[in-house]
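# Secondary and tertiary structure notes
Residues per chain are reported as follows:
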Amino acid sequence: MRPVLNDPLAEVRVILTAEGGSCARARQVVREVAASWELSEDLVDDAQLVVTELVSNGIDHGEGPITLTVSRKAGGMLVEVHDESSKLPELRPVDPSSPRGRGMQLVRALSVKWGTTPQSGGKVVWAQLEA
């Protein structure tokens, strides 16, 4: 299913299942939306890395379906991932001996700002990216 992009500034919302293929689907959505907004390739690449981390965290640590929302913002985009767990992501120090645990560090490095918004029925983890 392709997102409907009649309004170039409309947000795009997609519900993903909590499985590995959802990361690829999320990257595809970000790529298509960013292309329709004529955003730079560098921003698209960064947004795809960020959305992979956020959706992956939702799969690994969240509960229920995952809702991806992508919105156009001045100079870039806002990527939001909602899951049904109230457990907040942790920005942990990088452990060089661990193959995991760098995701939120990556999100922080690639975003102009990021955060978590607790909600009834879960949370939204979001990242704003700019060119």
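Just so you know, these numbers come straight off a predicted model, no measurement behind them.

### Details of the pattern of salt bridges
- Across all of its chains, the model carries two salt bridges by this definition.
- Glu 11 is the salt-bridge partner of Arg 13, the closest N and O atoms lying 2.8 Å from each other.
- Its salt-bridge partner being Lys 123, residue Asp 83 comes within 2.9 Å of it at the nearest N-O pair. Of this pair, Asp 83 sits in strand β3 (residues 76-83) while Lys 123 sits in strand β5 (residues 122-130), placing them 40 residues apart in sequence. The same class applies to Asp 83 and to Lys 123, which are both buried.

### Things to note about helix α2 (residues 41-61)
- Under the 1.5 Å per step criterion, the end-to-end length of α2 is 30 Å for 21 residues, consistent within 8% with the ideal 30 Å.
- Listed in full, the buried residues belonging to α2 are Leu 43, Val 44, Ala 47, Gln 48, Val 50, Val 51, Thr 52, Leu 54, Val 55, Asn 57 and Gly 58.
- Buried-residue contacts for α2 involve β1 (12-16), α1 (21-36), β2 (66-73), β3, α3 (103-110) and β5.

### Overview of the environment of His 61
- Its location among the elements puts His 61 in helix α2.
- Sequence separation between His 61 and Leu 88 is 27 residues; the distance between their C-alpha atoms is 9.1 Å.
- Excluding residues within four positions of it along the chain, His 61 makes contact with Ser 85 and Lys 87.

### Digging into the sheet that holds β3
- The strand order across the open sheet formed by five strands is β1-β2-β3-β5-β4, and the pairing between neighbours is antiparallel. The strands lining the two open edges of the sheet, one partner per strand, are β1 and β4 (113-119). With direction set aside, neighbouring strand axes in the sheet form an average angle of 15°.
- Bridge count for β1 against β2 is five bridges, and the pairing is antiparallel. Looking across to β2, one finds that Val 12 is bridged to Val 70.
- Seen against the sheet, α1 touches β1, β2 and β3 and runs at an angle of roughly 170° to β1.

What counts as what
- Sequence order sets the numbering: in each chain, residues are counted from 1 along the sequence as written.
- This being a predicted model, a pLDDT of at least 70 is required before a residue's local features are given, and a value of 80 or more before pairs of side-chain atoms are given or counted; all residues contribute to the totals for chains, interfaces and linings.
- Side-chain metrics in this entry use all non-hydrogen atoms of the structure; hydrogen atoms and water are not considered.
- Within this document, salt bridges are pairs made up of a side-chain nitrogen of Lys or Arg and a carboxyl oxygen of Asp or Glu, the two lying within 4 Å of each other.
- Segments assigned H or I by DSSP are reported as helices when at least four residues long, segments assigned E as strands when at least two residues long, and all are numbered from the N terminus.
- Throughout, exposure labels follow a simple rule: accessible area from a 1.4 Å probe, protein chains only, divided by the maximum for the residue type, with under 20% read as buried, over 50% as exposed, and the rest as partly exposed.
- The length a helix should cover is 1.5 Å for every residue beyond the first.
- Here a residue-residue contact requires only that any non-hydrogen atoms of the pair lie within 4.5 Å.
- Two strands form a pair only when DSSP identifies at least two bridges running between them.
- Here the axes come from fitting lines to C-alpha atoms, over the contacting stretch only for helices, and the angles between their N-to-C directions go from 0 to 180 degrees.

On their own, these measurements won't tell you what the molecule is for.
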